Amino acid sequence: MKNAISLNELDFSSPIETIINQNTIPPKFKGCSFDNYIPNKDYPSQKQAKERLIELVQQIETFKRKTPKNKLLRKLIKTSKPPHIYLDGVFGVGKTHLLASIGNAYRGKKLFISFSELMYLIAYYTLLDVVDMLSQYDIVLLDEFEVDDPGDAMMGINFIREINKTDTVVIATSNTLPSQLGARKLDMLTFKARMGSLINSFETIIIDGEDYRFKQPSLNFSISNSNLKEIFGKYQPKEKLKLYVNFEELIEKLKEIHPTRYRNIAYSLDALFIENLRPFNDMELMDALRFTYLIDMLYYGDVNIFASSNIDNIWNLFHQDLKEGKFKTKIGRCLSRLEEKCVLVKPD
Ligand SMILES: Nc1ncnc2c1ncn2[C@@H]1O[C@H](COP(=O)(O)OP(=O)(O)O)[C@@H](O)[C@H]1O
Ligand SMILES: [Mg+2]
C-alpha cells in the first residue's frame with residue numbers, strides 16, 4: 001500500500017465551502033471529552049468551568065428543542081438563547097480540550113473553526129455570507145480568538161454582532177501565550193473594550209492553571225545518527241500518508257494556494273518531512289505568516305514534523321523583529337507548537 005505522497009499529488013481542488021461542511025473536531029482533539037478532562041484540584045476554576053460547560057450543552061439542547069422554527073409561533077413562544085461563552089486562560093490549561101468536549105457532547109449541528117480560519121473565510125467571501133453559512137449550526141466552536149491584531153479583532157467582533165442576530169451560540173477560546181501571562185488581564189480588558197455592548201451577550205469563564213502539555217515521544221526508533229531521508233524511509237504512517245518536501249518548495253506552494261486549503265495538506269498526512277528548514281528573515285513576513293498558519297493546521301491535524309536544519313534551536317526560526325512585531329502571538333504559538341511536534345535533525 002502506498003504510504004508516501006508528493007506535494008504535487010495532494011488534492012487542492014475541493015471547493016472552499018467543504019472546509020465548512022467537513023469541519024469536524026480536529027484529529028488532535030477528537031478524543032477529548034468532559035470525562036477525560038481531569039480538573040486540577042489546586043485550581044477550582046477548572047472544575048467549575050467543566051461543570052458550567054456541561055450545563056451549557058444541556059441549555060443549548062433545551063433551547064433548540066423548545067424554539068419553534070415557524071416565525072409566527074416564535075412570536076408566541078419566547079425562549080431565551082443561552083449566552084455566548086469566552087473561555088479565557090493561559091496556554092495549555094485545556095481550553096481547546098473543553099471546546100472539543102462541547103462539540104463531542106452536543107448531538108446537534110456544531111462547527112469547530114479556528115479564528116484564523118474564520119478570518120480567511122471572511123476575506124474570501126464576505127462577512128454576511130460567512131455568517132449565513134455558519135448560522136446553520138447550533139454551536140460555533142471558535143478556537144483562539146485573537147485580540148492583539150486590531151483589524152482581525154474588529155472583524156471578529158463584527159462577526160459576533162451579526163451571528164448574535166441568529167440562533168447560533170458561539171463558544172470562543174482565547175489564545176494567551178505563557179510569555180503574556182501578565183498581559184492576560186489586559187487581554188480581557190481589550191476584549192471587553194472592543195466588544196462594547198456586545199459583551200453583555202457573553203459569559204466569560206476564566207480557567208486558571210498550569211500548562212498541561214508534556215512532550216510525548218512520537219518516534220519509536222532512535223534518530224540521533226539518522227539523516228532526514230533515512231527517518232523518512234523508516235517512518236510508518238499509522239493511517240494517513242507521509243510527505244517529504246524541500247523547504248523552499250513548500251514555501252512556494254503555500255504562496256500558490258489559498259490558506260484555507262492548507263487543511264488539505266494537514267489532514268492528509270501523518271508526518272511531514274521538511275528538508276533544509278531555514279530561518280525567516282525580517283523581509284519575509286508574509287512567507288512566515290503563511291508558514292505559521294500551516295503549522296497551526298498541522299497541529300490540529302496531529303501531524304508529526306521532522307526537519308533537517310542548521311538552526312540548533314527552533315526558537316531561532318524567526319528573525320527577532322518578527323518575533324517581537326505585530327504578529328508575535330501567531331509566531332509565538334507556532335514556535336510553541338513546533339516545540340511540541342517537531343524533531344530537528346542536522347542536514348547531511
Ligand atoms: N485537565 C485536563 N485533563 C486532561 N487533559 C488535559 C487537561 N488540560 C489539558 N489537557 C490536554 O493537554 C493538551 C493541551 O490542552 P489544550 O486544550 O490544547 O490547551 P489550551 O487550548 O488551553 O492551550 C491537550 O492535549 C489536552 O487534551
Ligand atoms: Mg487552545
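Rules of the game
- Residues numbered from 1 in each chain as written.
- Chains lettered and ligands numbered in written order.
- Predicted model: local features only at pLDDT ≥ 70, side-chain atom pairs only at ≥ 80, totals over all residues.
- Helix = DSSP H or I, 4+ residues; strand = E, 2+ residues; numbered from the N terminus.
- Rg over C-alpha atoms; globule rule 2.2 N^0.38 Å.
- Buried ≥ 20, exposed ≤ 12 C-beta atoms within 10 Å, placed from the backbone.
- Contact = placed C-beta atoms within 7 Å.
- Near = placed C-beta within 6 Å.
- Nonpolar A, V, L, I, M, F, W, Y, C, P; charged D, E, K, R; others polar.
- Pairing = 2+ DSSP bridges.
- Right-handed = clockwise from strand over helix to strand, strands pointing away.
- Expected span 1.5 Å × (residues − 1).
- Core = buried A, V, L, I, M, F, W, Y, C linked by C-beta atoms within 7 Å.
- Axes fitted to C-alpha atoms, helices over the stretch in contact; angles between N-to-C directions.
- Domains from an automatic or database assignment.

**Student:** What exactly am I supposed to notice about the overall build of the protein here?
**Tutor:** Each helix and strand counted, the protein has 14 helices and 10 strands in total. Here the C-alpha radius of gyration of the protein, 21 Å, is about what a compact globule of 348 residues would show, namely 20 Å. When the backbone C-alpha atoms are referred to their principal axes, the protein occupies close to 75 × 45 × 40 Å. Taking all 348 residues of the protein together, the buried fraction comes to 36%. Across the protein, contacts joining residues at least 24 apart in sequence account for 88% of those joining residues at least 6 apart.

**Student:** Mind showing me how you'd approach the site of ligand 1 here?
**Tutor:** Taken together, 16 residues lie near ligand 1, and Gly94, Lys95, Thr96, His97 and Tyr212 sit nearest. Partitioned by chemical class, the residues of the shell around ligand 1 number seven nonpolar, seven polar and two charged.

**Student:** Would you mind showing me how to read the sheet that holds strand β9 (residues 304–309) here?
**Tutor:** Sheet strands pair via backbone hydrogen bonds, and the direction of the pair is either parallel or antiparallel. A sheet is described by the order of its strands in space; here five strands give the open sequence β1-β7-β8-β9-β10, paired in parallel fashion. Looking at which strands have only one partner, the edges of the open sheet turn out to be β1 (4–5) and β10 (342–345).

**Student:** Before we go on, may I ask you to explain the pairing of β9 in this structure?
**Tutor:** When you tally the buried positions in β9, you get five out of six residues, the bulk of the element. Sheet topology note: the strand β8 (residues 269–277)/β9 ladder contains five bridges and is parallel. Looking at the pairing, Leu272 lines up with Ile305 of β9. After leaving β8, the chain enters helix α12 (residues 285–300) and then returns to the sheet as β9, a path that is right-handed. In the sheet, β9 pairs with β10 via four bridges, with the strands oriented parallel. The residue bridging Phe306 from the neighbouring strand is Val343, located in β10.

**Student:** Would you mind showing me how to read helix α14 (residues 328–341) here?
**Tutor:** Helical geometry note: an α-helix holds 3.6 residues per turn, so side chains three or four residues apart project in the same direction. An ideal rise of 1.5 Å per residue puts 20 Å on 14 residues; α14 measures up with 20 Å between its terminal C-alpha atoms. Burial analysis of α14 places 10 of its 14 residues in the buried class, which makes it a mostly covered element. When we look at burial in α14, the residues that qualify are Thr329, Lys330, Ile331, Gly332, Arg333, Cys334, Leu335, Ser336, Leu338 and Lys341. Tucked into the core, α14 has its buried residues touching α12, β9, α13 (320–324) and β10.

**Student:** Can you walk me through the nonpolar core in this structure?
**Tutor:** A general tendency of soluble globular proteins is for nonpolar side chains to be buried together. If you look at the biggest cluster of nonpolar residues, it comprises 42 residues, and the most contacted ones within it are Leu87, Ile102, Ile139, Val140, Leu141, Leu142 and Ile171. Judged by nonpolar contacts, the second largest core, of 38 residues, contains Ile274, Phe327, Leu335 and Leu344.

**Student:** How do you make sense of the pairing of strand β5 (residues 169–174) when you look at a structure like this?
**Tutor:** A regular strand places its side chains on the two faces of the sheet in alternate fashion. A large share of β5 lies buried, amounting to six of its six residues. Side chains of β5 alternate between two faces, with Val169, Ile171 and Thr173 and Val170, Ala172 and Ser174 buried alike. In this sheet, β5 lies alongside strand β2 (residues 84–89) in parallel orientation, the contact comprising three bridges. Residue pairing for β5: Leu87 is matched across the bridge by Thr173. Here five bridges tie strand β4 (residues 139–145) to β5, and the two strands are oriented parallel to one another. By the bridge assignment, Phe145 is partnered in β5 with Ser174.

**Student:** Mind showing me how you'd approach the sheet that holds β5 here?
**Tutor:** Across the sheet, which stays open at both edges, the five strands sit in the order β3-β4-β5-β2-β6 with parallel pairing between neighbours. Every interior strand has two partners, whereas the edge strands, β3 (110–114) and β6 (202–207), have only one. Direction aside, neighbouring strands of the sheet carry axes that sit 15 degrees apart on average.

**Student:** I'm lost on the domain arrangement of the protein in this one. Help?
**Tutor:** Parsing the protein into structural domains produces domain 1 (4–16 + 216–345) and domain 2 (31–207). A C-alpha centroid distance of 29 Å is found between domain 1 and domain 2. Residue-level contacts link 11 residues of domain 1 with 13 residues of domain 2. Elements with a minimum of two residues in the side of domain 1 that touches domain 2: α12 and α14. Broken down by element, the residue count for the side of domain 1 that touches domain 2 peaks at four residues, all from α14. Residue composition of the side of domain 1 that touches domain 2, by class: three nonpolar, five polar and three charged.

**Student:** How should unusual backbone geometry be read in this particular structure?
**Tutor:** Trans is the prevailing form of peptide bonds, just as negative phi is the prevailing case for residues other than glycine. Phi is positive for Asn276, which is not a glycine, with a value near 60 degrees. Position of Asn276 among the secondary structure elements: in strand β8. The partly exposed category is assigned to Asn276, around which 15 C-beta atoms lie within 10 Å. One non-glycine residue, Asp302, lies in the positive phi region at around 60 degrees. The residue Asp302 is located in the loop between α12 and β9 in this model.

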